[in-house]
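Results of the structural survey
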Amino acid sequence: MLILLVLAAVLALAPSPAGAQAPAADNCATCHLAIGDERLEKPAKAYVEDIHRAKGFGCVACHGGSEKDAGMEAMDPAKGYIGKPGRKQVIQVCARCHADATFMKRYNPSLRVDQATEYATSVHGRKLAAADDPKVATCVSCHPAHAIRPPSDPKSSVHPLRVAETCGACHGNAKYMEGRRLPTDQLAKWRESVHGKAMIVKGDLSAPTCNDCHGNHGAAPPGVTWVGNVCGQCHTVMADLFAKSVHAKAFVDMGSPGCATCHDNHAIRPAGDAMLGLGGDAVCATCHGEGDKGGRAALEMRGLIDGLAGRHRAAGALLDRAEHAGMEVSQARFDLNGARDALVKARAAVHAFTPAAVRAETAAGTAVADRAHARGTRALDELAFRRKGLGVSLVIILAVIAGVLLKIRQVDRRGRATEHG
Amino acid sequence: MAHVDDPSRRRFVDWFLGGSVGAFLLAVLYPVSRYLVPPRAGESAAGTVTLALKPDDVKPNSGQIFKFGSRPGILVRTAGGELRAFSAVCTHLNCTVQYRPDLSQIWCACHNGHFDLNGKNVEGPPPRPLEAFTVNARGNQIVVSKGA
């Protein structure tokens, strides 16, 4: 009874608006915080920092009801009160505003309004629609209700640095994912991958995380035939070369997932020359051997790249020696950048899977590296000449000193001989 | 004491001394003359470089690569006429970037990375913006410096 009196008194205050203006007094929150029930307090406490509250939306925007009425009358289903939305209802509640372009334009003109449409195409959305799967993610699984922040906020569950944790809360939880055909090591693998390390260790927010490859609202595994398009969002040169290569069709025929066939999907390691060829860590050896055309091409491409890498390294080392010895080789070093560019391009050209494409890059790079090497050699030759010159000068100086001493001795002796004679 | 007045020995010492002095002068004068003639490609690796370009040589919506120590830099004149300079080393895998007048962007051919005219990475794999340099056009000279 006391609670009802408190509710009535508090709700008698000015009603909160459902829309654009910040609520003068949030009746729902006031009561929820006063009741003393932790379950009811929690959303009211969390909502203080929610982006929707900051934009002036009160509880009734999602939960319905009437903010003009006090007490329990505000929560009358006849007045649109829905309480806690059900799983399917959540999508509708959010989409009511977020799928309305005219409405959303008033708050964030650049925000997309197709999240609900995308969600319907996702594995989550399809499973929810088909079987009302109680475990699949809905809006509030990733955007926690009452504590929603914009993705640019580092505290947001969908900030680039936290997306993996958010997805991993379910997908990295073996118990939660029990009975599903999906593995649960994706998060651990991604953390160790070149992408994960770029994001976590280097703090590179442009590094891909879960949603960059799987989509966010339309989250689904990339299909075998379009993995290249996904990777190609960033790795455009390699994706273009791959799409025109013999492997594009061959991989589809084999049911292999494009780029992921060689580079893996979540555990993508830094690409290196060791992946090319037929020995050790070479991925080509998975399908090819020395006896087939592909194997021979792999070996030839590896040879071309190793050749240029070796020449680039040798020229760089030579210029280092010359520079450390005090010779001016900055122009040669500047020009050697061209060989490094060619090496990087040659490594990208491997994705055409033809030695000719690689050779086109390595030939130009080799010429540049050889020129730089020759200039380094000349610089060291000049250094040797100067050192020899210094040695000769020292010998001459010593000879002068010796000559002067001998002359002095001679003059002294002659003087003494004259005195005695 | 006869050997003291030995003429052949005296001549040898005179010749030896005269030859040594001549060689000594040569050894001193040669490096001095080499020092006075400037080297062909001498350039400081310090934080400022004066470009071998005049401001009028760089047309609007164009860019030029220049040597900054042993590293490449890129000087860009925007369509609006402003001169800007950045390190021309791509932040992805260190390739040398170039200016694309058709896009009005700085572009890396190695992996198709794009940078806007503030040096910010806007497309492709580059993870960071290009290092920005300070450009000062002093009369007919363009001076590019590292840092603000």
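Residues numbered from 1 in each chain as written. Chains lettered and ligands numbered in written order. Predicted model: local features only at pLDDT ≥ 70, side-chain atom pairs only at ≥ 80, totals over all residues. Heavy atoms only, no water.

**Structural notes on the overall build of chain B**
Per the secondary structure count, chain B includes one helix and ten strands. Put simply, chain B has 148 residues, and 39% of those count as buried. For chain B, the proportion of contacts with a sequence separation of at least 24, taken over those separated by at least 6, is 40%. When the accessible surface of chain B is summed, it comes to about 8400 Å², and 56% of that surface belongs to carbon and sulfur atoms. (Helix = DSSP H or I, 4+ residues; strand = E, 2+ residues; numbered from the N terminus. Buried < 20%, exposed > 50% of the residue type's maximum accessible area, 1.4 Å probe, protein only. Contact = heavy atoms within 4.5 Å. Areas by Shrake-Rupley, 256 points an atom, 1.4 Å probe, with all protein chains shown as cover.)

**Some remarks on the sheet that holds strand 7 (residues 113-115) of chain B**
All names here are of chain B. With antiparallel pairing, four strands are arranged side by side in an open sheet as 5-6-7-8. One side of each edge strand has no neighbouring strand; the edge strands of this open sheet are strand 5 (98-100) and strand 8 (121-123). Across this sheet, the average inter-strand angle for adjacent strands is 40°, counted without regard to direction. Pairing of strand 5 with strand 6 (residues 105-108), which is carried by three bridges, proceeds in the antiparallel orientation. Residue pairing for strand 6: Q98 is matched across the bridge by W107. (Pairing = 2+ DSSP bridges. Axes fitted to C-alpha atoms, helices over the stretch in contact; angles between N-to-C directions.)

**Quick notes on the pattern of salt bridges**
Residue and element names in this part refer to chain A. Applying the stated criterion to the full structure yields 21 salt bridges over all chains. We note a salt bridge from E41 to K45, for which the minimum N-O separation is 3.4 Å. Note that E41 and K45 are positioned in helix 3 (residues 38-46) at a spacing of four residues, about one turn of the helix. For E41, a relative accessible area of 14% translates into the label buried. For D153, the salt bridge is made with R149, and the minimal N-O distance between the two is 3.1 Å. The exposure class assigned to R149 is buried, which follows from its relative accessible area of 19%. Through salt bridges with shared partners, a single ionic network connects E49, R149 and D153. (Salt bridge = Lys/Arg side-chain N within 4 Å of Asp/Glu carboxyl O.)

**Focus: helix 11 (residues 163-171) of chain A**
Listed in full, the buried residues belonging to helix 11 of chain A are V163(A), A164(A), T166(A) and G168(A). On its buried face, helix 11 of chain A sits against helix 10 (139-142), helix 12 (186-192) and helix 14 (210-214) of chain A.

**Details of the interface of chain A and chain B**
With 32 residues of chain A at the contact, the number on the chain B side is 38 residues. In this assembly, chain A packs against chain B so that about 3000 Å² is buried in total across both faces, 63% of it on carbon and sulfur atoms. Summed over the three residues of chain A that lose the most area to chain B, namely F334(A), V344(A) and Q410(A), the buried surface amounts to 16% of that side. Viewed at the interface, chain B and chain A are joined by one salt bridge. Counting across the interface, chain A meets chain B through six residue pairs in polar contact (both at pLDDT 80 or more). The set of elements that each furnish at least two residues to the side of chain A that touches chain B consists of helix 16 (236-243), helix 20 (330-349) and helix 21 (355-420) of chain A. Take the side of chain A that touches chain B: its biggest share by element is 15 residues, from helix 21 of chain A. Each residue belonging to the side of chain A that touches chain B can be placed in one class, and the counts come to 13 nonpolar, eight polar and eleven charged. (Buried area = accessible area lost by both parts, 1.4 Å probe. Polar contact = N/O pair within 3.5 Å; in protein donor to acceptor, adjacent residues only side chain to side chain. Nonpolar A, V, L, I, M, F, W, Y, C, P; charged D, E, K, R; others polar.)

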